[in-house]
Amino acid sequence: MSAEATNPEAHPEARPELRRRSRSRLDLRRLGRAALLGPPSRDRLPDAIGHVAEAHRAHHPDADLSILRRAYLLAETSHRGQMRKSGEPYITHPLAVTLILAELGAETTTLTASLLHDTVEDTEVTLEQVREEFGDEVCFIVDGVTKVEKIDYGAAAEPETFRKMLVATGNDVRVMSIKLADRLHNMRTLGVMRPDKQARIAKVTRDVLIPLAERLGVQALKTELEDLVFAILHPEEYEQTRALIAAHAGENDPLPAIADSVRAVLRDAGITAEVAVRPRHFVSVHRISRKRGELRGSDFGRILVLVGENADCYGVLGELHTCFTPVVSEFKDFIAVPKFNLYQSLHTAVATPDGHVAEVIVRTRQMHRVAEAGVVALGNPYTTGEAADCDEERVDPTRPGWLSRLLDWQQSAPDPDTFWTVLRAELAQDREVTVFAVDGAAAAPRTLTLPGGASCIDAAYAQYGEAAHGCIGARVNGRLTSLSSRLSDGDTVQLLLSHDSSSGPAADWLEHAATPAARIAIGSWLATHPDDAAATTTAARAPLSVVGARGGSGNAVADLPNAHVRLAGCCTPVPPDAVAGFVVRGGAVTVHRVRCPAVAQMRAVGRTSVAVHWRATADCRVTLLAESFGRPHLLADLTEAIAREGVEVVSATVEPPVEQRVRHTYTLQLPDAAGLPALMRAMRDVPGVYDVSRA
Ligand code: MN
């Protein structure tokens with residue numbers, strides 16, 4: 001039996017303020033009574049499931065309701081006699097969970113599995129029976145949400161249950177939809193539990209379920225779960241927030257009047273739109289009051305504008321920004337650059353003549369549905385219709401990148417404690433970032449979704465697989481940067497690859513790689529190329545360096561016998577910079593410029609430096625100026641031409657274009673001075689370059 005179905009200890013009304021969804025609750029009461037009346041005749045829909053059917057038909061007018069009726073009958077008969085801790089018949093729980101999903105627009109298979117979700121765990125019904133009567137999909141989903149046996153797993157049962165559920169979610173995201181709705185209903189009715197148990201469940205909800213709801217884009221469930229957790233874990237702040245909202249409700253709320261003027265503006269412009277005031281949920285009010293210190297009347301809600309077509313969104317925006325004063329810093333276009341979790345909307349804020357500032361969200365009705373219900377709104381992930389319509393350009397929303405990564409590492413975390421700790425840490429991490437990878441050869445940029453904290457190295461492996469071993473540099477938003485640079489949401493990244501197949505990653509790439517794919521690829525390359533690996537670092541390649549670097553790149557020599565010397569990635573020292581070395585873990589010496597802040601920091605904590613100097617080299621170092629007409633991929637083409645001559649780039653500077661002319665300055669390390677004329681010829685041959693000269 002589920003945890004929630006044991007002895008009553010506290011009155012269910014202990015937290016009346018949690019009962020925000022009074023309509024759903026009334027429905028549940030009715031459902032409970034109907035369930036007590038027993039199964040109705042087989043030829044009509046049982047009354048108790050009428051609300052589910054109504055909600056389902058509202059989203060899916062053609063849905064086949066007979067399978068829902070059969071599922072309800074099996075669930076009702078098998079749970080009969082079981083009571084919730086609140087004293088209500090157990091069947092009220094699967095019905096409530098199913099109603100939550102039906103209202104979000106879930107498709108019929110999800111609802112069928114949801115009605116049956118506790119039968120295998122808590123009743124005599126077997127998975128085989130579910131499979132025979134309802135088919136493989138329903139059986140798979142029910143199995144996915146069924147807890148592992150406490151008797152087999154003891155204290156590890158909860159982590160193992162989540163592991164099982166995540167693995168199942170990897171195959172069918174509807175498993176997680178049901179788990180989230182299940183947790184929402186259990187959180188709504190948590191008042192009957194002992195306080196310590198409430199707190200324990202609320203913490204798991206905070207650490208695991210809420211991040212999952214956010215990542216799957218199920219905003220409606222996420223916000224309600226957040227408020228329920230807030231009330232349990234931070235009762236005082238919850239009470240203060242409630243008092244703030246109550247006090248505001250008694251005052252003059254400026255938002256309805258602003259909504260009226262927005263309506264008038266759009267009507268005059270001939271744009272058909274629904275305009276509504278959307279109150280913020282408690283946690284959102286709390287966050288904004290922490291951020292602002294004091295709340296303005298217009299902070300308690302936002303104005304939501306719903307339109308028919310994508311293009312209308314920008315039409316609305318244009319009118320708003322013309323007829324009111326826009327707060328430019330608040331403008332965000334999540335239509336052109338959708339968030340990782342499918343969310344799309346325009347966000348802006350406008351100031352009214354009387355000094356109020358209101359946040360406005362503009363979206364289409366379809367975007368609204370996805371914003372509220374996320375993956376639940378996508379329908380059956382196995383049919384190509386609706387889910388694919390949502391946005392062909394984006395990655396498979398039912399198998400998002402973060403989920404694949406979770407599933408990757410969970411296999412290598414055999415003990416449940418490690419799994420549980422890492423899972424919560426992973427979910428607590430930054431959100432994912434979506435970046436646009438530009439490739440000279442491809443016309444359109446490719447969208448890459450990476451975990452928060454990912455670097456250009458991660459982007460390189462995500463885009464090119466093992467060919468990323470030859471990555472020699474990166475441009476982020478048009479600017480040259482080191483490969484270790486972290487990427488932010490919306491960045492455009494262009495990776496510069498060497499065509500020399502012997503080129504490989506530097507040992508310190510591992511430190512800057514956040515994705516398992518990059519780490520595994522780098523690790524296995526390094527393991528098979530131990531000699532090459534010792535000689536290269538990112539620093540030696542930063543901001544750009546080429547294949548010739550390996551084997552001869554450690555130009556700095558430390559006054560320690562046999563020390564492995566690396567150039568620091570933070571300050572990228574080059575000769576003749578004044579440098580200082582520090583012994584780091586593993587005995588290597590890291591070389592920084594003496595002016596690097598890291599040097600001062602390390603000295604401040606008592607680390608002593610070792611002497612390092614630049615090795616005199618017999619080869620030729622030269623600085624060349626390349627003058628050219630600006631065009632896309634010029635930099636990539638130039639560095640490629642240099643690489644093909646076997647020359648290493650020590651540093652490169654690109655000046656901003658003046659009348660479409662750009663000047664690149666390269667400091668280059670040639671293996672042999674005799675190669676200079678050929679090098680300059682090769683650079684001049686790059687289209688757009690009209691002169692190459694020595695500085
Ligand atoms: Mn349940």
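Structure first, text after, so check above.
Residues numbered from 1 in each chain as written. Predicted model: local features only at pLDDT ≥ 70, side-chain atom pairs only at ≥ 80, totals over all residues. Heavy atoms only, no water.

Some details on the overall build of the chain
Definition in use: Think of it this way: any DSSP run of H or I at least four residues long counts as a helix, any run of E at least two long counts as a strand, and we number them from the N terminus. Think of it in three bands: with a 1.4 Å probe and only protein chains considered, a residue is buried below 20% of the maximum accessible area for its type, exposed above 50%, and partly exposed in between. Residue contacts are defined here by distance: any two heavy atoms, one from each residue, within 4.5 Å place the two residues in contact.
When its secondary structure is counted, the chain shows 28 helices and 20 strands. Split into buried and exposed, the 695 residues of the chain put 53% on the buried side. In the chain, of all internal contacts separated by at least 6 residues, the share reaching a separation of at least 24 is 67%.

What about the sheet that holds strand S14 (residues 579-583)?
To keep things clear, this is the line we draw: At least two bridges found by DSSP between two strands is the condition for calling them paired. Under this scheme, a helix contributes an axis fitted over its contacting stretch, all axes are lines through C-alpha atoms, and angles between N-to-C directions fall in the 0 to 180 degree range.
Strand order in the open sheet formed by three strands is S13-S15-S14, with mixed pairing between adjacent strands. On the outer flanks of this sheet lie strand S13 (565-567) and S14, each paired with one strand and no other. Recorded for the sheet is a direction-independent mean angle of 30° between the axes of neighbouring strands. Pairing analysis gives three bridges linking S13 to strand S15 (residues 589-593), with the strands arranged parallel.

Some points on the sheet that holds strand S11 (residues 492-497)
With mixed pairing, the five strands of this open sheet are ordered in space as S8-S7-S11-S9-S10. Every other strand in the sheet has two partners, leaving strand S8 (446-450) and strand S10 (479-481) as the edge strands with one partner each. If you compare each strand with its neighbour and ignore which way they point, the axes differ by 35° on average. Here strand S9 (residues 471-476) runs beside S11; their pairing, made up of five bridges, is antiparallel. Each residue of the ladder has a partner; that of valine 476, found in S11, is valine 493. The sheet contacts of helix H27 (residues 634-644) involve S9, S10 and S11, and relative to S11 the element is tilted by about 15°.

Looking at the nonpolar core
Put simply, the test is: Buried residues of nine kinds, namely Ala, Val, Leu, Ile, Met, Phe, Trp, Tyr and Cys, make up a nonpolar core once their side-chain atoms join them within 4.5 Å.
In this structure, Leu116, Val130, Leu166, Met187 and Val208 are the most contacted members of the largest nonpolar core, which totals 82 residues. In contact with leucine 116, other than residues within four places in its own chain, are Ala71, Leu74, Ala75, Val130, Phe134, Val138 and Val142. Formed by 28 residues, the second largest nonpolar core is a distinct cluster that contains Val433, Ala437, Leu448 and Ala474.

Here's the deal with the packing of helix H10 (residues 174-188) against helix H12 (residues 219-233)
Quick reminder of the rule: When the near helix sits turned anticlockwise from the far one by under a right angle, the crossing is termed left-handed; a clockwise turn instead gives a right-handed crossing. Residues are sorted three ways: Asp, Glu, Lys and Arg are charged, Ala, Val, Leu, Ile, Met, Phe, Trp, Tyr, Cys and Pro are nonpolar, and all the rest, Gly among them, are polar.
Running from amino to carboxyl end, H10 crosses H12 at an angle of 35°, the nearest separation of the two axes being 10 Å. Every pair of crossing elements has a handedness; the one defined by H10 and H12 is left-handed. Between H10, through Leu180, Ala181, Arg183, Leu184, Met187 and Arg188, and H12, the contact on the second element is made entirely by Leu221, Glu224, Leu225, Leu228, Val229 and Ile232. Classifying every residue of the contact of H10 with H12 gives nine nonpolar, no polar and three charged.

Observations regarding the coordination of the manganese ion
The cut-off we apply is this: Listed donor atoms are N, O and S within 2.8 Å of the metal (Na, K and Ca: 3.2 Å). As water is not included, a site may look incomplete.
Coordination sphere of the manganese ion, protein contribution only: His93 (NE2), His117 (NE2), Asp118 (OD) and Asp182 (OD), at 2.1 to 2.4 Å. Within one chain, the residues donating to the manganese ion are spaced in sequence as H-x23-H-D-x63-D. Of this pair, aspartate 118 sits in the loop between helix H5 (108-115) and helix H6 (119-122) while aspartate 182 sits in helix H10, placing them 64 residues apart in sequence. Accessibility classification places aspartate 118 together with aspartate 182 in one group, the buried group.

Here's the deal with the packing of H12 against helix H13 (residues 235-250)
As a reminder, the rule being used: Every angle not falling under 35 degrees, over 145, or within 65 to 115 is termed oblique; those three ranges are roughly parallel, roughly antiparallel and roughly perpendicular.
Two elements in contact, H12 and H13, have axes separated by 5 Å at closest approach and are oriented at 120°. Between H12 and H13, the crossing angle belongs to the class labelled oblique. Residues Asp227, Phe230, Ala231, Ile232 and Leu233 of H12 pack against Pro235, Glu237, Tyr238 and Thr241 of H13.

A look at the pattern of salt bridges
Note that side chains of opposite charge can pair when their charged atoms are close. Keep this limit in mind: Salt-bridge detection follows one rule: a side-chain nitrogen of Lys or Arg within 4 Å of a carboxyl oxygen of Asp or Glu.
Tallied over the entire structure, the rule returns 25 salt bridges. One salt bridge connects arginine 131 with aspartate 136, and the closest N-O pair in it is separated by 3.3 Å. The class for arginine 131 is partly exposed, based on a relative accessible area of 34%. For arginine 188, the salt bridge identified is with glutamate 224, shortest N-O distance 2.7 Å. Linking arginine 188 in helix H10 with glutamate 224 in helix H12, this pair joins segments that are 36 residues apart in sequence. The buried category is assigned to arginine 188, whose relative accessible area is 12%. One connected set of salt bridges, linked through shared partners, spans Glu107, Glu137, Asp172 and Arg174.

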